[in-house]
Amino acid sequence: MSTYDVIVHGGTVVDGTGSVGVPQDIAVANGRIAAVGEPESFWDATATEQIDATGLIVCPGFIDPHTHYDAQILWDPQVTPSANHGVTTIIMGNCGFSIAPLGNEADAKYIREMLVKVEGMSLASLEQGTDWSWRSFPDYLSRIEGRTAVNVGAQVGHSAIRRLVMGEDAVTREATAVEIDQMKALIREAVEAGAIGFSTTQSFTHTDATGAPVPSRWCSRDELVELCGVLADYDGTTLEWAADGCLRGFTDDELNLMADMSAAANRPINWNVLTIDSARPDDYVEQVKASEYAAARGGRVVALTMPILASMNMSFGSYCGLNLLPGWNAVLGLPIKQRIERLKDPVIREMMEKAAAADASVVGRLTGWPLYRIGDTFSGANDGLTGRLVDDIAAERHTSPFDTLLDIVLADDLRTVLWPGPTDDDDESWQLRKAAWDLPDVMIGGSDAGAHLDRMAGSSYPTEWLADCLHGRQLTSVENAIRHLTQVPAGFFGLHDRGVIAEGNAADIVVFDPATVGAEAPVLADDLPGGGQRLMPEAKGVHTVLVNGAAVVAGGQLVTDALPGRVLRSGTDTRGTAVRPDPK
């Protein structure tokens, strides 16, 4: 008689390869899948835990390739709400924004304040959630090992290492050859401790607390390519970056730089995020051609794209996507009193509306003023408007949708919460997305989980997409969606024993109800350190989540004291990421 830790029986196993689900039972021992067999194969075996999956789907744990949980994981080891939605592995340290290494407290303060601006985090939460006493990247990883519910792949970020080496000069000039060598040494130290890659940003959207470009944006081309080249010596590593072209379309210089970064490292690079809109059908086609361009030059470029339209809100009272519209930051960047006066001016309004209408980038999808839905309001003048569309209110008032929107937010002294209606929710856009999902150099991801906490709720994309595949648009099969959430990212990052249900693989397993899986509408929760708020979408239909064979979600509820996750280390937990045959 065999003995196991867990037996999952009675379910339909969708193994992550894209194959049609089949009735199978799974036995787990010592954190790994010990056996996969026909129904009732383990009828005579004993197990510490039996999970009845009758009527449920059993699949590999989901891998989120783009999160910003670097700080949150230190006070919330369950990395909620991602674990609730079946995510068993997170990749963090994206966009160059790791929180290690640090040289001193001044560096820590700079990084905290930068994260408030670039990733919409609460300063009070960052200051009160953890002590920021680590300095080296190995020290930071040691804070996570043994203290996480999910598996963690951590990248070392360009802005952090540049700030450590150059101090305040990191945001004033290019680095010297000596400083570049020091940065390369820090990357080596991080990767040898387990970092799974190097990340950077050159995007115009990324500025620090002072409004200056973040440190990585001050680098020379040579610096960036040299830093990427360090990874050529380390198997199981990858690159990640953001650039202006992610939103505006890649320039020839960006195409060349991306290809050279990947070729220098001999590792794939992923970029965030590919937005697909039938109003600009040629844009995404040109962007994904970056992959062909890089391949011809010895590199590999992979685009991340979201399979849902993530819920997000906007405000005229605080920094958000609206600031990125042409000319708008000159108004929205003013102090509140001055901002209010400018927004009352008919000439300024006309200028802003015309500038927004001319925006050809993906930020232009925020300009569907009639589709905005009013959220929380804060004045008697706006009583009864919550939940209503601006288009309907404008019709009643006989004013244009844009003027109506501004009148509403001005009545609230700019505190109104606004929910933009997507302008790209049409059938043609969804058909374009369907075609893109199965391109070889497109990967599902871009949730930004852990960032933009009170603005966006992207962490629920796995369950939302599964619900859409099963009961919504049904653009692809549930088996193919699961492959995109599991095997595809596992292959990109070299997670050789995850992403597929197979004997010997790590027992990262999700059990969900195909009839009810999904996500509730996000609600604003006041549960962050220091009283910070975040949007929380509750998971539906997720029965069990196992990480390395231990339940972190059981009976649909988070197991708050379960910490079975591991720091996944390059060269051990990841391997085989070379683009070209490794000469070693």
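Everything discussed here concerns the structure shown above.
A quick note: this is a predicted structure, and the numbers were derived from the prediction, not measured. Numbering of residues begins from 1 in every chain and follows the order in which that chain's sequence is written. For this predicted model, a pLDDT threshold of at least 70 governs which residues receive local features, and a threshold of 80 or more governs which side-chain atom pairs are given and counted, while totals over whole chains, interfaces and linings are taken from all residues. By convention in this description, side-chain values take in all heavy atoms of the structure and omit both hydrogens and water.

**Examining the overall build of the chain**
Only runs of H or I of at least four residues qualify as helices and only runs of E of at least two qualify as strands under DSSP, and these elements are numbered from the N terminus. Along its length, the chain carries 18 helices and 27 strands. Against the 2.2 N^0.38 benchmark of 25 Å for 584 residues, the chain shows a C-alpha radius of gyration of 24 Å, consistent with a compact globule. Its C-alpha atoms give the chain principal-axis dimensions of roughly 80 × 60 × 45 Å. The contact definition used throughout considers only heavy atoms, calling two residues in contact when any of these lie within 4.5 Å. Restricting to contacts in the chain with at least 6 residues of sequence separation, those with at least 24 account for 74%. Accessible areas in this description were obtained via Shrake-Rupley with a 1.4 Å probe; residue shielding takes into account the shown protein chains only. If you sum the accessible surface of the chain, you get close to 21,300 Å²; carbon and sulfur atoms cover 50% of it. Atoms counted for the radius of gyration: C-alpha only. Globule rule: 2.2 Å times the number of residues to the power 0.38.

**Some remarks on helix α6 (residues 221–229)**
Only protein chains enter the accessibility calculation, which uses a 1.4 Å probe; a residue is then buried when its area is under 20% of its type maximum, exposed when over 50%, and partly exposed in between. Glu223, Leu224, Val225, Leu227 and Cys228 are the residues of α6 that are buried. Tucked inside the fold, the buried residues of α6 contact α4 (158–166), α5 (177–193), β11 (197–201), β12 (238–242) and α8 (252–265).

**Topic: the packing of helix α1 (residues 105–119) against α4**
It is the contact of α1 with α4, at a shortest axis distance of 10 Å, that shows an interaxial angle of 145 degrees. Helix-helix and strand crossings are classified by hand; for α1 and α4 the assignment is right-handed. Along the contact surface, α1 presents Ala106, Asp107, Tyr110, Ile111 and Met114, while α4 presents Ser159, Ala160, Arg163 and Leu164. Here the contact of α1 with α4 is composed, by residue class, of 6 nonpolar, 1 polar and 2 charged. Axis definition: a line fitted to C-alpha atoms, limited for helices to the stretch in contact. Angles are taken between N-to-C directions and run from 0 to 180 degrees. By definition, turning the near helix anticlockwise from the far helix through less than a right angle yields a left-handed crossing, and turning it clockwise yields a right-handed one. Following the grouping adopted for this structure description, the nonpolar residues are Ala, Val, Leu, Ile, Met, Phe, Trp, Tyr, Cys and Pro, the charged ones are Asp, Glu, Lys and Arg, and the polar ones are all others, Gly among them.

**A few points about the pattern of salt bridges**
In what follows, salt bridge is the name for a side-chain nitrogen of Lys or Arg lying within 4 Å of a carboxyl oxygen of Asp or Glu. Summed over the entire model, instances satisfying the criterion amount to 31 salt bridges. As a salt-bridge pair, Asp260 and Arg221 come within 2.6 Å of each other at their nearest N and O atoms. With Asp260 in helix α8 and Arg221 in helix α6, this residue pair connects regions lying 39 residues apart in the sequence. Owing to a relative accessible area of 39%, Arg221 belongs among the partly exposed residues under this scheme.

**Some details on the sheet that holds strand β4 (residues 25–29)**
Sheets are built from strands paired through backbone hydrogen bonds, the pairs being either parallel or antiparallel. As summarised here, the arrangement of the 4 strands in space is β5-β4-β1-β6, forming an open sheet in which the pairing is mixed. With partners counted over all chains shown, the strands left at the sheet margins are β5 (32–37) and β6 (46–52), one partner each. Recorded for the sheet is a direction-independent mean angle of 20 degrees between the axes of neighbouring strands. As paired elements, strand β1 (residues 3–9) and β6 share 6 bridges and run parallel to each other. Residue pairing across strands places His9 opposite Asp52, the latter belonging to β6. Strand pairing follows a simple DSSP-based rule, namely that at least 2 bridges must link the two strands.

**Notes on the packing of aromatic side chains**
Planes of paired rings set the category: under 30 degrees apart is stacked, over 60 is edge-to-face and the rest tilted, where pairs are Phe, Tyr or Trp rings (Trp by its six-membered ring) whose centres lie within 6.5 Å. Summed over all chains, the structure comprises 12 aromatic pairs. Three or more aromatic residues link up through ring pairs in this structure, and these residues are Phe316, Trp328, Trp369, Tyr372 and Phe402. The criterion is that NZ of a Lys, or CZ of an Arg, lies within 6 Å of the ring centre and within 35 degrees of the ring normal, and then a charge sits over that ring. When the ring centre of Tyr293 is taken as origin, the NZ or CZ atom of Arg297, which lies over that ring, is 3.5 Å away.

**Re the environment of Gly61**
Along the chain, the position of Gly61 falls in the loop between β7 (57–60) and β8 (62–64). Gly61 sits 189 residues away from Phe250 along the chain, and the two C-alpha atoms are 33 Å apart. Apart from the residues lying within four places of it in its own chain, the contact partners of Gly61 are Gly86, Thr88, Leu485, Thr486, Asp508, Ile509 and Val510.

**Some words on the sheet that holds strand β13 (residues 269–272)**
Strand order across the open sheet formed by 8 strands is β8-β9-β10-β11-β12-β13-β14-β18, with parallel pairing between neighbours. A single partner strand is all that each edge strand has here, and the edge strands are β8 and β18 (442–444). Averaged over neighbouring strand pairs, the angle between their axes works out to 25 degrees when direction is ignored. Of the strand pairs in this sheet, strand β10 (residues 151–157) and β11 are connected by 3 bridges, and their pairing is parallel. Residue Val156 lies in a different strand from β11, and its bridge partner there is Phe198. Along the sheet face, helix α9 (residues 281–295) touches β13, β14 (301–305) and β18 and points at about 160 degrees away from the line of β14.

**Considerations on the pairing of β5**
In terms of strand pairing, β4 meets β5 through 5 bridges, oriented antiparallel. When the bridges of β5 are listed, Ala29 appears paired with Arg32. Between β4 and β5, which pair antiparallel in sequence order, lie 2 residues; one of them, Asn30, sits at a positive phi of approximately 55 degrees.

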